[in-house]
Amino acid sequence: MTQRLFQGVIGELEETSLGAPGLASETWDFFQTNPNEDPKLKEECGVVAVHGHPDAAREAYLGLYALQHRGQESAGIATADGQHLANIKGMGLVSEIFTEDVLAKLPGSMAIGHTRYSTTGDSALLNAQPIRVDSTKGLIAIAHNGNLVNLGNLRTSLERAGAYFQTTSDSEIIVQLIAHSSASSLVDAIADSLSQVEGAFSIVMMTRDRIFAARDPRGFRPLSMGRIRNSDGPDTIVFASETCAFDLLRAEYERDVLPGELVMVTEDGVTSRQYATGYPQSSCIFEHVYFARPDSRIFGRWVQESRDQMGRQLARESGVPADVVVPVPDSGVTAALGYAEEARIPFRMGLIRNHYVGRTFIEPEQRVRDFGVRLKLNPVHNLLEGKRVILIDDSIIRGTTSRKIVRMVRGAGAKEVHLRISCPPTISPCFYGVDTPSKRDLIAANKSVEEIRQFIEADSLAYISLEGLLKSCDGNGHTRYCTACYTGNYPTQWVDVEDILPAAAAI
Ligand code: SF4
């Protein structure tokens, strides 16, 4: 467990054309401890956009609140009122940053928002989003979910062309490409810029009077469009990484932004163009396995439905006699329900998650250092004692957390512990916006399933097959998924991300 001195700054109002004063910055030092010795793969980012609402900042806030699971490191909201563009971002949770006072400093009927876990660039406030750039094409704010993979080449050629980067975030490359595009109109410059970047991006952008939303040509990350019907005026158009945000906004889901599509919303309505065609779809299957909320519909399918099918498939592929099916909460719950129903074995919440363990845990004393997983999960002894238990989890990354959970269940009196995983063995890192350890730290890249079973001390271990996972996530038979972290077959032509290139990755 690492312990380090952490310095944080919360609440920064960028200098805006409103001439508003900066928020007082609060700086503190404290010893921060990560309670997740072997954390799950880190969420990527969540984006929202709102056009045509008198309190757009609050709508964006609500949308981000619903997307908090996609990133808890920093958050930001930029608003525009037709003339000016304000932007506030800070470190921490959405509800910590955006108080009433802060929201009051964000006027306008348009907003974009972002909640972030960093995958490239460092995690400082500097790289929090939205990023606002005053370019030759005017003020542009951008919020990006995903990861570009041809950063090095683009950044170098842009710097040679005179670009001055404010951040180390890959998202700024898109704005700099727009600023340096020779296209005559803004929408052409955006299309031109997007066609030059390779990798994963679902983005929302805003100028003083327009909102743009776009997805990369392979559609790695989700992005949906919704509508709030207003009886006394034009509809409010909203975009969000996941449809669960629409529920809080009381917006109707309208459709997904298509891979390679650029949507523009102005006072005159919604227009769209396909800036790239002919790429095979590669939507991230791990969104269905773990990232997205079960109450979201992504890539045309309810996440709940996919996870239920994963559990059923696991039961068919690797069923074992047992007394109870127990999920590792929260992400394993839906798959465990499917498994239990298919196998006709009782489902029990044999592990309880403490929802009040934050992203960090401030250690009062040294002796709690070994708490690790026990801070987050606790066994329900009377449900586990003397039982043959099937544990359902969504992934094994390094294996150390799985071993602790298996030990915990056995320590609570379980007679047998059988671990079932609702994705195939993770053998390769992700370059498209998911923070994966390098190949040498991925247990499945270095050990056989039997060796992993021995390491985690389970009585049996089985993963869902790749075919089974694809079947579980493909309701309409048309969706094509990226499965590179299970196969090593990357859908983009090249990977050029020096910052995150794992030493041992064999790509
Ligand atoms: Fe998703 Fe894995 Fe592909 Fe990354 S490599 S986009 S996590 S499926």
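Given the structure is predicted, the values throughout are model-derived calculations rather than measurements.

## With respect to empty space enclosed by the protein
Here is step 1 of the chain: According to the stated counting rule, one finds 2 cavities of 30 Å³ or more in the structure shown.
Here is step 2 of the chain: If you trace the largest cavity, you find 15 residues lining it, with Cys284, Phe286, Cys430, Val434 and Cys485 closest to the centre.
Here is step 3 of the chain: Only helix H8 (285–291) and helix H17 (484–487) provide two or more residues apiece to the lining of the largest cavity.
Here is step 4 of the chain: Counting residues per element, the lining of the largest cavity draws most heavily on H8, which supplies 3 residues.
Here is step 5 of the chain: For the lining of the largest cavity, a count of residues per class yields 12 nonpolar, 2 polar and 1 charged.

## Regarding unusual backbone geometry
Here is step 1 of the chain: Following Gln129, the chain continues to Pro130 via a peptide bond in cis, the omega torsion being 5°.
Here is step 2 of the chain: With respect to the helices and strands, the residue Pro130 is situated in the loop between strand S7 (110–116) and strand S8 (131–135).
Here is step 3 of the chain: Note the cis peptide between Pro329 and Asp330, where omega equals 0°.
Here is step 4 of the chain: You will see that Arg250, though not glycine, has its phi angle at about 55°, which is positive.
Here is step 5 of the chain: Mapping Arg250 onto the fold places it in the loop between helix H7 (244–249) and strand S14 (252–256).
Here is step 6 of the chain: On the accessibility criterion, Arg250 (75% relative accessible area) is exposed.
Here is step 7 of the chain: Backbone geometry at Glu457 places phi at a positive 65°, although glycine is not the residue there.
Here is step 8 of the chain: Looking at where Glu457 falls in the secondary structure, it is placed in the loop between helix H15 (449–456) and strand S25 (460–463).

## Observations regarding the packing of aromatic side chains
Two measures describe an aromatic ring pair: the distance that separates the ring centres and the angle between the ring planes.
Here is step 1 of the chain: The final tally for this structure, using the stated rule, is 8 aromatic pairs.
Here is step 2 of the chain: When the centroid spacing of 6.1 Å and the interplanar angle of 45° are considered together, the rings of Tyr61 and Tyr65 count as tilted. With Tyr61 and Tyr65 both in helix H1 (residues 56–66) and 4 residues apart, this pair spans about one turn of that helix.
Here is step 3 of the chain: On the basis of relative accessibility, which here comes to 47%, the residue Tyr65 falls in the partly exposed class.
Here is step 4 of the chain: Measuring from centroid to centroid gives 5.3 Å for Tyr290 and Phe291, while their planes differ by 50°, and the two rings are tilted. Each member of the pair Tyr290 and Phe291 is classed as buried.
Here is step 5 of the chain: Through a chain of ring-to-ring contacts, the aromatic side chains of Phe220, Phe431, Tyr432 and Tyr490 assemble into a single cluster.
Here is step 6 of the chain: Sitting above the plane of the Phe455 ring, Arg403 keeps its charged end 4.2 Å from the centroid.

## As for helix H9 (residues 303–318)
Here is step 1 of the chain: Taking 1.5 Å as the rise per residue, H9 with 16 residues should run 22 Å; its terminal C-alpha atoms sit 22 Å apart, in good agreement.
Here is step 2 of the chain: Among the residues of H9, Val303, Ser306, Arg307, Asp308, Met310, Gly311, Arg312, Gln313, Leu314, Ala315 and Ser318 are the ones counted as buried.

Here is what the cut-offs are and how they apply
- Residues numbered from 1 in each chain as written.
- Predicted model: local features only at pLDDT ≥ 70, side-chain atom pairs only at ≥ 80, totals over all residues.
- Heavy atoms only, no water.
- 1 Å grid on protein atoms, 1.4 Å probe; cavity = no way out; pocket = protein on both sides within 12 Å on 5 of 7 lines; lining within 4 Å.
- Points joined across faces, edges and corners; volume = space filled by probe spheres on them.
- Helix = DSSP H or I, 4+ residues; strand = E, 2+ residues; numbered from the N terminus.
- Nonpolar A, V, L, I, M, F, W, Y, C, P; charged D, E, K, R; others polar.
- Buried < 20%, exposed > 50% of the residue type's maximum accessible area, 1.4 Å probe, protein only.
- Phe/Tyr/Trp six-rings, centres within 6.5 Å; stacked < 30°, edge-to-face > 60°.
- Lys NZ or Arg CZ within 6 Å of the ring centre and 35° of its normal.
- Expected span 1.5 Å × (residues − 1).

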